[in-house]
Amino acid sequence: MEPEIDKQRRRFIGCNLKGPKFSPKNENYFAISTWTGNEPSEEKPVTTWVPNFIPRESVEKVQNCSQLNKEIINSMLKKIVNHLLVTNSTVAVQSEDKTVYWNQGGSLGMKELCSLLGPEMLKCMKSQNGGVQTFLRNHSFIFEVKDNTIRLKVPRSIKDSADELVEVKAKRKKKQEKKQIGFRKRNCFFHFNHPQGCPLSSNECTFSHEDVER
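Bear in mind that the values here come from a model prediction, so they are computed numbers and not experimental data.

## Here we look at the side chain of His209
1) Next: Tracing the backbone through its elements, the reader meets His209 in the segment after helix H6 (189-193).
2) Next: Taking relative accessible area as the criterion, His209 reaches 16% and is therefore assigned buried.
3) Next: When sequence neighbours within four positions are dropped, the list of residues in contact with His209 reads Cys188, His191, Phe192, Cys198, Leu200, Ser201 and Ser202.

Below is the structure:
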């Protein structure tokens, strides 16, 4: 198969990029500027060197579950969170000068999660070249995953998160750079969706208690 493709490639190049024929008496052979590319060719141009070839789109679609319909995403999140909150598991969260007792909910295994979401939602994820784990990574500010078990992430204050750094590869550089996490650029999911709200005050929470995503 490979030799045949090479043969077609050479024929394609030869037919479409044909220059002056070589001849010891042809003074223009080495004068590249005299060749306009419009000289007649003995062979018909080949439009493609591989049958049924379809060129790649100039702008590739992002397919990592981040482009799912917002309503579908919200439906998935509510379904998972409501299921976890059926189990009452209270944790103590220190907020400013007081202790808040907040329901973190239960836990859910990956197989149980797939069963909970159902085939239709899983199909939507798969259509985006993603899956359950990709979806959870995209929402790591809501869920924590350990040993193939997920549960709600307890909100962290800015003070606790200030030292957390994210390593990112610098563009056009081989070395890695570090940059501080940007705070309050996204709504606090728990403030808007948890029955008890966010256990942290608006001054402490890493995320915004005001709707910044409208």
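## Observations regarding the sheet that holds strand E5 (residues 149-152)
1) Next: Ordered by their spatial adjacency, three strands build an open sheet running E3-E5-E4, and the pairing between neighbours is antiparallel. The open sheet has two edge strands with one neighbour each: strand E3 (108-109) and strand E4 (143-146).
2) Next: The pairing of E4 with E5 spans four bridges and is antiparallel. Note on E5: the bridge partner recorded for Val145 is Ile150.

## So, helix H3 (residues 110-126)
1) Next: For H3, with 17 residues, the first-to-last C-alpha span of 16 Å runs short of the 24 Å given by 1.5 Å per residue.
2) Next: Taken as a whole, H3 carries its principal kink of about 100 degrees at Gly118; the proline Pro119 stands between one and four residues after it.
3) Next: Along H3, the positions that sit buried rather than exposed are Met110, Leu113, Leu116, Leu117, Gly118, Met121 and Met125.
4) Next: Buried residues along H3 sit in contact with helix H2 (70-85), E3, helix H4 (132-138), E4 and E5.

## Thoughts on H2
1) Next: Along its 16 residues, H2 runs 22 Å from first to last C-alpha, staying within 8% of the 22 Å computed at 1.5 Å per residue.
2) Next: Within the span of H2, buried status applies to Ile73, Met76, Leu77, Ile80, Val81, Leu84 and Leu85. The buried side chains of H2 occupy one side of the element, clustering within an arc of 150 degrees when seen end-on. Opposite the packed face of H2, turned more than 90 degrees from it, sit the exposed residues Glu71 and Asn82.

## With respect to the packing of aromatic side chains
1) Next: Counted by the stated rule, this structure contains three aromatic pairs.
2) Next: Each ring, one from Phe141 and one from Phe207, has its centre 5.8 Å from the other, and the planes form 50 degrees; the classification is tilted. Placement of the pair is Phe141 in the loop between H4 and E4 and Phe207 in the segment after H6, with a sequence separation of 66 residues.
3) Next: Exposure remark for Phe207: the relative accessible area of 23% places this residue in the partly exposed category.
4) Next: By the ring-pair criterion, three or more aromatic residues cluster together here, those being Trp102, Phe189 and Phe190.

Criteria and thresholds
- Residues numbered from 1 in each chain as written.
- Predicted model: local features only at pLDDT ≥ 70, side-chain atom pairs only at ≥ 80, totals over all residues.
- Heavy atoms only, no water.
- Helix = DSSP H or I, 4+ residues; strand = E, 2+ residues; numbered from the N terminus.
- Buried < 20%, exposed > 50% of the residue type's maximum accessible area, 1.4 Å probe, protein only.
- Contact = heavy atoms within 4.5 Å.
- Pairing = 2+ DSSP bridges.
- Expected span 1.5 Å × (residues − 1).
- Bend = angle between axes of the 7 residues up to and from the residue.
- Arc of directions from axis to C-beta.
- Phe/Tyr/Trp six-rings, centres within 6.5 Å; stacked < 30°, edge-to-face > 60°.

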